[in-house]
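# Overview (structure and organization)
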There are 2 protein chains.
Amino acid sequence: MAVGAFYHKLSTVFTSDHASVVSMNLFVALLCACIIIGHLLEENRWINESITALLIGLCTGVFILFTTGGKSSHILVFSEDLFFIYLLPPIIFNAGFQVKKKQFFLNFMTIMLFGAIGTLISFCIISLGAIHFFQKLDIGSLKIGDFLAIGAIFSATDSVCTLQVLNQDETPLLYSLVFGEGVVNDATSVVLFKAIQNFDLSHIDLTTALQLIGNFLYLFIASTVLGVFAGLLSAYIIKKLYFGKLIRHSTDREVALMVLMAYLSYMLAELFSLSAILTVFFCGIVMSHYTWHNVTESSRVTTKHVFATLSFIAEIFIFLYVGMDALDIEKWRIVSQSPRKSIGVSSLLLALILVGRAAFVFPLSFLSNLLKKSQSEKIELKQQVTIWWAGLMRGAVSIALAYNQFTRLGHTKLRENAIMITSTITVVLFSTLAFGLMTKPLVRLLLPSSRHVMSLPSPPSTPKSLTVPLLGSGEDSSWANGGTQNGPPPSTLRMLLSCIPNRGVHHYWRKFDNSVMRPVFGGRGFVPYVPGSPLEQSVHQWHCS
Amino acid sequence: MAVGAFYHKLSTVFTSDHASVVSMNLFVALLCACIIIGHLLEENRWINESITALLIGLCTGVFILFTTGGKSSHILVFSEDLFFIYLLPPIIFNAGFQVKKKQFFLNFMTIMLFGAIGTLISFCIISLGAIHFFQKLDIGSLKIGDFLAIGAIFSATDSVCTLQVLNQDETPLLYSLVFGEGVVNDATSVVLFKAIQNFDLSHIDLTTALQLIGNFLYLFIASTVLGVFAGLLSAYIIKKLYFGKLIRHSTDREVALMVLMAYLSYMLAELFSLSAILTVFFCGIVMSHYTWHNVTESSRVTTKHVFATLSFIAEIFIFLYVGMDALDIEKWRIVSQSPRKSIGVSSLLLALILVGRAAFVFPLSFLSNLLKKSQSEKIELKQQVTIWWAGLMRGAVSIALAYNQFTRLGHTKLRENAIMITSTITVVLFSTLAFGLMTKPLVRLLLPSSRHVMSLPSPPSTPKSLTVPLLGSGEDSSWANGGTQNGPPPSTLRMLLSCIPNRGVHHYWRKFDNSVMRPVFGGRGFVPYVPGSPLEQSVHQWHCS
């Protein structure tokens, strides 16, 4: 019966009446326009890709509104399932796949501090602030669960804008912190939101609170384990079958298997009601550490760019979508009866976001600095300000969660729900546009050295996509070197010497990885060490760790 | 309003209830299983990938049937729109993108003879045969339009099985004929089917016939022009913007633009009610000739494999889907009351297919041989038998067209419609399984030299996907050479000498291409000529033509 329902749905949506053909044409053409215009504005001082897509979406929304005479209110409905099932997975998977694993795991404690503890602090402050101030604004009868949901909704940051400006080669620590925090924050806020929704919060006591924490931890751990398992399974299958040895289909098979298994991990997490975001993130990390090294060179190039491109398209799609959705008339009509309240709520939420973020970035940075010994690992004040700024933007995750919470029971026309939806949209638009426009100038002011690098054209012979964090330590060029496989990575005296100070958890993990994991699941060890190549440094870095 | 309807649909299908999550998991897992099992059976003498997917689909269908107690008849409904809008475009685009253009255009006349004229002959024979014999079987009241539709439905071949066995380096002429005929045949039969549906065929006179032919030609030419235009537009945009020169996003942008514009061409053709198959095929040819050369090296590797992988997944998806759909109980229940008639219809159709194909392959081969001068260009008898055999299989196009014709007006429970649907499924299953299983042995018998090549493992250092026709004349390795751009291709005396005999339409096209088209749209001319490289011959071939 399940399959039947699925097929029925498929046949509903895939019926190609004229209307949907027109809108698909429109949407694909808009996506192309966003890419082209985003490219043309690349060197602009203020604008970035997300803002372009958001503005184009807004303009299209206005255009459609005028075409239909302002009548149809439900022209653009934000579908959170479209977002959570089709658009978010490629973005998060790509984040895991392209993350510089060593940087990520070396800063793991700090990233978890910011991403998990920091999000919890921000969640508490926004929730408490909302409880305290909203009663004075008299916007209707929100329950305790609603206030907690508001906390989770506005704790979900969107650091895409800042990542587009930061240069990860100049400020690797800062980049990995902002990047890592963004991903962990996404997962934390969604898991938090789910945990809140699963519980009856009308009377909170110690048992409920403990259950809430237990649920949170269960979701966190089970999702991670599932993601790691899926990644290892794909590595094992591809290594055992060794597709490369056969003539036909090898690359296509490998690419298809990697894409399908990544998606399968996401859908399995959905099936078990886990946090699919965390699952697919860790699946991406494991796949890039093991699976990616077991495939042919052309598969490596292809998968790397396929995941990046999917993520890129999904990002543009989301901003375009949010921009088009922002003009849904009906909810604005309800709100327009009390514009002052709506503005009040939005400003209050923005203020809470600013405070809530400051309340953990600076103390936690201080804490993190206390634990670090070397000066280079400490987070300077300017960097702290950048981290604070990077997490001020709110994006599609907030909108999706807000829709889920405030349109869930079908009571969309209640005033308090309409106000919360429109306030969320206002906060997202304002923070993305206003804060987003100021990001480039601000980062250049705080970290002046990045200015000239931004406008430096790459040599035309090796243009590469640097927008996503490059695959860890020069794996990027493995297909270009190619050829010799199975050769153990050679070591030099310098590498051995510089390895000594770096012992720790990571060191024992490397030993375990080399002696137990890699013989079973494959992984790096195929790329020869080429002295003097531009990759020397990063390869060196890798072998030492 | 159009956009509204689209969004409403989106939100309907993207609502992630538990049922659809379960079935998506099932489907993705089955796709993975097909890939893995298909790989394991690669060296099997009989089985190929399509047959594997079909059998797995059948088994899953049986399993679901037993799970639901045989009750639910509409568990699996074949959606022709899913097929025509999402599965067919990547397959046909990839065919155009990966075709060896020179071989294709050198044999253009023969391919068009087989693909267009041959399909028309086959269509006439099957239609006339059906009109003549079906009346004796007494299967109900089919109209003249139905008989013509049957002709079009069973003229659509599926040469995937044969292409998987043929070796295009050993028998380039044969391969390009079978491959080219397959694509043109797909387009011809769909265009024919559309033309038949657009006309009132209750009383055929000369005017109607002329209109039918006019409609057919209009669809053919307009679709081709649209595809060429879309391809040239993408080449122009990417050349003008030159994404490669910038640091960020260049590869992702290029890949995204190519994929989106290819899909846009398909959707535009749908919008204008043209033949989207032809449009996307020519868009693929133009993109591989111009656009593909304007992008960075990594984009080239990526797009090549992305299109091949999408096509690969879509193919497996289709066979899996057809296999699962074959067991829709309801239509079999109606037919089971008169099993003899159903078997009679299926056998008759199979016989008509065999005759209809023989009736054009051998005469047209004779005609084609008359026009060719050199012995190597002529089609030998063994090759003619192979071509005949290659087009005996019927596939998803037939099923999709049959569903369109015989379930169109909602009268699915009419006996004649049920018989036609089940007969189509029987013919597809029988021809794919029985003829498909015999293809490998037959081809090895007829073309014995291909046997040892099939089982020859490719060198592990450069495993490449050879299932799809490789990109014309060594373009494949352009990313590996890379570097120097804009250098005009050098010419040698040998090349000049061997160019002389080859003049013709192709020669003048090359002149026009080099002097008018390439300066505007970019294209080849970036890859340096490397003497002594394994590509020498093909590069040489290219420059001469």
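Within each chain, residue numbers correspond to sequence positions counted from 1 in written order. Whichever chain is written first is A, and whichever ligand is written first is 1; the rest continue in order. Only residues with pLDDT of at least 70 are given local features in this predicted model, and only at 80 or more are side-chain atom pairs given and counted; all residues enter the totals for whole chains, interfaces and linings. As a rule here, side-chain values cover all heavy atoms of the structure and leave hydrogens and water aside.

### Concerning the overall build of chain A
Starting at the N terminus, helices and strands are each numbered in turn, a helix being any DSSP run of H or I of at least four residues and a strand any DSSP run of E of at least two. A count of helices and strands for chain A gives 23 helices and 0 strands. Burial classes follow relative accessibility: with a 1.4 Å probe on protein chains only, a residue under 20% of its type's maximum area counts as buried, one over 50% as exposed, and anything between as partly exposed. Taking all 545 residues of chain A together, 62% fall into the buried category. Sequence-distant contacts in chain A: of pairs separated by 6 or more residues, those separated by 24 or more amount to 85%. For the area figures, the Shrake-Rupley method with a 1.4 Å probe applies, and any residue is considered shielded solely by the protein chains shown. Of the roughly 21,300 Å² that chain A leaves accessible, carbon and sulfur atoms contribute 70%. Contact between two residues is taken to exist if any of their heavy atoms lie within 4.5 Å; hydrogens are not considered.

### What to know about the state of the cysteines
Residue and element names in this part refer to chain B. Here, a disulfide means two cysteine sulfur atoms that sit within 2.5 Å of each other. Enumeration over the complete set of coordinates arrives at 0 disulfides over all chains. You can see C32 has no disulfide; the closest cysteine sulfur is in C34, sitting 9.3 Å from it. The class of C32 is buried, set by a relative accessible area of 7%.

### Side note on the packing of helix α11 (residues 250–271) of chain B against helix α13 (residues 297–325) of chain B
Residue and element names in this part refer to chain B. Note on method: axes are straight lines fitted to C-alpha atoms, helices fitted across the in-contact stretch only, with angles between N-to-C directions ranging 0 to 180 degrees. Where α11 contacts α13, the two axes come as close as 9 Å, and the packing angle between them is 35°. Once α11 is placed against α13, the crossing between them reads as right-handed. Between α11 and α13, the residues in contact are T251, E254, V255, M258 and V259 and S298, S299, T302, T303 and F307, respectively. When its residues are assigned to classes, the contact of α11 with α13 shows 4 nonpolar, 5 polar and 1 charged. Note on convention: near helix rotated counterclockwise from far helix by under a right angle means a left-handed crossing. Clockwise means right-handed. Basically, the charged four are Asp, Glu, Lys and Arg, the nonpolar ten are Ala, Val, Leu, Ile, Met, Phe, Trp, Tyr, Cys and Pro, and anything else, Gly included, counts as polar.

### Section: the packing of helix α15 (residues 339–371) of chain A against helix α18 (residues 415–446) of chain A
All names here are of chain A. Orientation of α15 relative to α18, taken along the N-to-C sense of each, is 55°, at an axis distance of 9 Å. Between α15 and α18, the interaxial angle falls into the category oblique. Classified by chirality, the crossing of α18 by α15 is right-handed. Facing α15, whose interface residues are K341, S342, V345, S346, L349, L350, I353 and L354, α18 presents R415, I419, M420, T422, S423, T426, V427, F430 and F435. A breakdown of the residues in the contact of α15 with α18 according to their chemical character gives 10 nonpolar, 5 polar and 2 charged. The cut-offs work like this: below 35 degrees is roughly parallel, past 145 is roughly antiparallel, 65 to 115 is roughly perpendicular, and the gaps in between are oblique.

### Some details on the confidence of the model for chain A
Residue and element names in this part refer to chain A. A score between 0 and 100, pLDDT records how confident the predictor is in each residue. Across chain A, pLDDT averages 74, with 75% of residues at or above 70. Segment residues 526–545 is flagged for pLDDT under 50; beyond a separation of four residues in sequence, or across chains, it makes 44 contacts in the model. For this predicted complex, the interface confidence score (ipTM) comes to 0.76, while the overall pTM stands at 0.78.

### Quick look at the nonpolar core
Note on terminology: a nonpolar core comprises buried Ala, Val, Leu, Ile, Met, Phe, Trp, Tyr and Cys residues joined through side-chain atoms within 4.5 Å. Residues F134(A), I150(A), F134(B), I150(B) and M420(B) are the most contacted members of the largest nonpolar core, which totals 292 residues. In this structure, M420(B) is in contact with F134(B), I139(B), L142(B), I150(B), F154(B), V345(B), L349(B) and F406(B), ignoring residues within four places of it in sequence.

### Examining helix α7 (residues 144–153) of chain A
Residues and elements named next belong to chain A. Counting buried positions over the 10 residues of α7 gives 9, a clear majority of the element. Regarding α7, the residues found buried are G145, D146, F147, L148, A149, I150, G151, A152 and I153. Residues of α7 that are buried in the fold lie against α6 (108–137), α9 (172–198), α15, α17 (396–406) and α18.

### Structural notes on the packing of aromatic side chains
Ring geometry is summarised as follows: Phe, Tyr and Trp rings, the Trp one being its six-membered ring, pair when their centres sit within 6.5 Å, and such pairs are stacked at plane angles under 30 degrees, edge-to-face over 60 and tilted between the two. Counted according to the given criterion, the structure contains 24 aromatic pairs over all chains. Centroid distance F281(B) to F282(B): 5.4 Å. Interplanar angle 80°. Geometry classified as edge-to-face. Their ring planes at 75° and their centres at 5.9 Å tell us that F430(B) and F435(B) sit as a pair that is edge-to-face. Residue class for F430(B) comes out partly exposed when judged on its relative accessible area of 43%. Linked through ring pairs, W388(A), W389(A), F430(A) and F435(A) together constitute an aromatic cluster. Placement of a positive charge over a ring is assigned whenever Lys NZ or Arg CZ falls within 6 Å of the ring centre and within 35 degrees of the normal to the ring plane. Here the guanidinium or amino end of R300(A) rests over the ring plane of W292(A), the centre of that ring lying 5.9 Å away.

### So, α9(A)
Here α9(A) contains 27 residues, and its C-alpha end-to-end distance of 39 Å stays within 8% of the 39 Å for a straight helix at 1.5 Å per residue. With 23 of its 27 residues buried, α9(A) lies for the most part within the structure. Expected span, for any helix, means 1.5 Å times one less than how many residues it has.

### Points about the pattern of salt bridges
Residue and element names in this part refer to chain B. Each reported salt bridge corresponds to a side-chain nitrogen of Lys or Arg within 4 Å of a carboxyl oxygen of Asp or Glu. Applying the stated criterion to the full structure yields 2 salt bridges over all chains. Of the charged contacts, one joins R357 and E181 as a salt bridge, the two residues approaching to 2.7 Å between their closest N and O atoms. Here R357 is found in helix α15 (residues 339–371), whereas its partner E181 is found in helix α9 (residues 172–198), with 176 residues between them in sequence. Using a relative accessible area of 3% as the deciding quantity, one classes R357 as buried. You can call E181 buried: its relative accessible area is 3%.

### Things to note about a nonpolar patch on the surface
All names here are of chain A. Patch membership needs two things, relative accessible area over 30% and no salt bridge, and members are linked within 9 Å if like-charged or within 5 Å if nonpolar (Val, Leu, Ile, Met, Phe, Trp, Tyr). Where nonpolar side chains cluster on the molecular surface, the patch consists of L206, L210, I213, L217, I221 and V225 and spans about 620 Å² of accessible area. Relative to the assigned elements, V225 resides in helix α10 (residues 206–241). The class for V225 is exposed, based on a relative accessible area of 51%.

### Let's talk about the environment of N369(A)
Residues and elements named next belong to chain A. Among the structural elements, N369 can be located in helix α15. Judged by relative accessible area, N369 falls into the buried class, the value being 14%. Placed 111 residues apart in sequence, N369 and M258 show a C-alpha to C-alpha distance of 39 Å. For N369, the contacting residues outside a window of four places in its chain are K378, I379 and Q384.

### With respect to the side chain of T386(A)
Its location among the elements puts T386(A) in helix α16 (residues 381–390). Judged by its relative accessible area of 1%, T386(A) is buried.

### Considering the environment of G395(B)
Residues and elements named next belong to chain B. Its place among the elements puts G395 in the loop between α16 (381–390) and α17 (396–406). Residue G395 is classed as buried on the basis of its relative accessible area of 3%. C-alpha separation for the pair G395 and I425, spaced 30 residues apart in sequence, amounts to 9.0 Å.

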